[in-house]
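The primary structure of each chain is shown beneath.
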There are 2 protein chains.
Amino acid sequence: MVPMQDPTFDDVAAAAIRIAPYVRTTPLLVMDGLSQRLGFPIECKCENLQVVGAFKARGAANAVYALPEPVATRGVATHSSGNHAAALARAAKLRGIPAYIVMPKGAPRIKRAAVEAFGGQVLECEPTLAAREAAAETIVARTGATLVHPYDDPYVIAGQGTVALEIASVREGPDVILVPVGGGGLLAGTALTVRRLWPHTRIVGVEPSGADDAFRSFSSGELQAQTNPQTIADGLRGALSARTLRMARAHVDAIVTVSEEAIIAAMRLLFEQSKLVIEPSGAVTVAALLEGKVVGRSAIVILSGGNVDLDTLPW
Amino acid sequence: MVPMQDPTFDDVAAAAIRIAPYVRTTPLLVMDGLSQRLGFPIECKCENLQVVGAFKARGAANAVYALPEPVATRGVATHSSGNHAAALARAAKLRGIPAYIVMPKGAPRIKRAAVEAFGGQVLECEPTLAAREAAAETIVARTGATLVHPYDDPYVIAGQGTVALEIASVREGPDVILVPVGGGGLLAGTALTVRRLWPHTRIVGVEPSGADDAFRSFSSGELQAQTNPQTIADGLRGALSARTLRMARAHVDAIVTVSEEAIIAAMRLLFEQSKLVIEPSGAVTVAALLEGKVVGRSAIVILSGGNVDLDTLPW
């Protein structure tokens, strides 16, 4: 079973070894144009080029491969409909175990297809959080599968921490590292790594202003609800958990919010200048630089994913 | 002055050292989806992620930095309007010398802007090859600048050969390497490197069937004219020179052609699955695999560039 403790840096290091055969080392690229424009060096970590098109491949692989054999054979389950679902289906397929993915009726066809392409079993439910949780509980009770939460899971958080570990294997710490925040799994994992390896690097979470629960929770120290999020960044509509808030408060320097206009401008800049296909959620860190919300002597931005519908690009 | 001899592998090795400070080592990525679909491993060399968004940065930097100081100070000139023009302007700016770029009236605004962003001086002329050559000759006579041809130049060819050299620094030779063919500079440079380092690797050039001069010239052994090319792949509308044909005939195994439909399908696949922004010319090698024009036990494709108008994507 999943332990209840918060993960530590040692768990990130163990995750890196565990998942190495199943994920990619992604490129870290200099952003020439943006660096010149803003006057300090900026590099981007291209998790859009990760398998399944997002960093979620890391946490899901870590959670799946950490399961002891008799537990693993019963499979895994989740009620995410986004990149975590595809990542979990892929990791389960590689390990040869079933993946049960609860999705709301009317979820985008492309997301369902991504899960099914990896052999995941999609279970439809009504489009409410209560219905999703109930459906997941039912399938877990029936099959004995292990529920793998998209971010409130120590193995998932430790897996996401390998993004920063990989950067640290090739360069010194920057002045500041910017991380997209949805449920806070990537932020919490990154914080574990950065605090251990680069003690002087500032860690800044970035969130759309139309889905600013993390900003409010971080500021107040109390978990705030995410009510009716309004943002193009579909991957960042989730809310922090008690665990990811606690970890953020322990290690993170700031959380800033960005406008929808800046997110779209950042996407366009990444397509046009960096030649990278980026989903809106993946572009928020660049948006924070464009809006001047974060400045520094040097910066690394995590580009979290590239799963965007090419027929409805926002320009 | 530019020597008249054909370049050799030693020139490629010298180019790699000369241009290292001015260009990027680009990622070589596994194409999981396509490999699975076609049944053999395929990797892509991402020259769309190169500075100026194309491999042309390499040849231009080599040509500019190979000039002796007193010649260099008089500047460089070209009558390309594409990626070579921007690449030459950038290399000249880095060296602190003038770049004179002859462009036909009515050239796309984005291409002119790319040249001017690097401080290149744009000179307009009538949109005919004769007018472009005459304008280039005039500026060379007036300024003493060195004309740097986009592909019929030993230093440019040697610079383009560093793409394959970089691949060889990280892996063994594949069964086949696929290279886009316009004027043949990248093909000739790649051939020098591959023939020396990977004697058993097949070298295949890929060209749009609507601009198939290289295919016809290669087959007949005689330079054939490129008459009225009809292809979305604007970077591949040029014709081989006597030099690039000679080098191709000496080293290359085959040239194949691809349809416009396959080029667009390949672009879409690269955007969607590989999360890479690719221009039509950059996608022809993947198009050849999609159409089954080339098969093998393993393949590397060179993705040559990513400079595409995002407001008029062909889907």
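Residues numbered from 1 in each chain as written. Chains lettered and ligands numbered in written order. Predicted model: local features only at pLDDT ≥ 70, side-chain atom pairs only at ≥ 80, totals over all residues.

Draft legend 1. Structural context of the packing of helix α1 (residues 9–19) of chain A against helix α3 (residues 56–66) of chain A. All names here are of chain A. Direction vectors running N to C along α1 and α3 enclose 85°, while the axes themselves pass 9 Å from each other. With respect to each other, α1 and α3 are oriented roughly perpendicular. Listed contacts from α3 to Ala15, Arg18 and Ile19 of α1 are Arg58, Ala61, Asn62, Tyr65 and Ala66. Residue classes in the contact of α1 with α3 are distributed as five nonpolar, one polar and two charged. (Axes fitted to C-alpha atoms, helices over the stretch in contact; angles between N-to-C directions. Helix = DSSP H or I, 4+ residues; strand = E, 2+ residues; numbered from the N terminus. Parallel < 35°, antiparallel > 145°, perpendicular 65-115°, else oblique. Contact = placed C-beta atoms within 7 Å. Nonpolar A, V, L, I, M, F, W, Y, C, P; charged D, E, K, R; others polar.)

Draft legend 2. Broad picture of the relation of the copies chain B and chain A. Least-squares fitting of chain B to chain A yields an RMSD of 0.0 Å, with the superposition described by an axial translation of 0.0 Å and a rotation of 180°. What the rotation and shift describe, once combined, is the action of a two-fold rotation axis. In terms of C-alpha distance to the rotation axis, chain B has Leu276 of chain B as its closest residue, with the C-alpha 2.5 Å off the axis. Of the interface residues in chain B, 100% have counterparts in chain A that sit at the interface too, so the contact is made through matching surfaces. (Least-squares fit on C-alpha atoms with pLDDT ≥ 70 in both.)

Draft legend 3. Quick peek at the nonpolar core. Among the nonpolar cores identified, the biggest contains 214 residues, and Leu178 of chain A together with Leu178 of chain B are the most heavily contacted of them. When sequence neighbours within four positions are dropped, the list of residues in contact with Leu178 of chain B reads Val204, Val206, Thr285, Ala288, Val294, Ala299, Val301 and Ile302 of chain B. (Core = buried A, V, L, I, M, F, W, Y, C linked by C-beta atoms within 7 Å. Buried ≥ 20, exposed ≤ 12 C-beta atoms within 10 Å, placed from the backbone.)

Draft legend 4. Looking closely at the pairing of strand β7 (residues 176–180) of chain A. Residue and element names in this part refer to chain A. Taking burial as the measure, the five residues of β7 include five buried ones, the bulk of the element. Of the two faces of β7, the one holding Val176, Leu178 and Pro180 and the one holding Ile177 and Val179 are both buried throughout. Judged from the five bridges that link them, β7 and strand β8 (residues 202–208) form a sheet pairing that is parallel. What sits directly across from Pro180, in β8, is Val206. (Pairing = 2+ DSSP bridges.)

Draft legend 5. View of the sheet that holds strand β3 (residues 76–78) of chain A. Residues and elements named next belong to chain A. Judged by pairing direction, the sheet is parallel, and its four strands sit side by side in the order β5-β4-β3-β6 without closing on themselves. Of all strands in the sheet, those bounded by a partner on one side alone are β5 (121–125) and β6 (146–147). Judged from the two bridges that link them, β3 and β6 form a sheet pairing that is parallel. Paired with Val76 across the strands is Thr146, a residue of β6. The sheet contacts of helix α7 (residues 129–143) involve β3, β4 (99–104), β5 and β6, and relative to β4 the element is tilted by about 160°.

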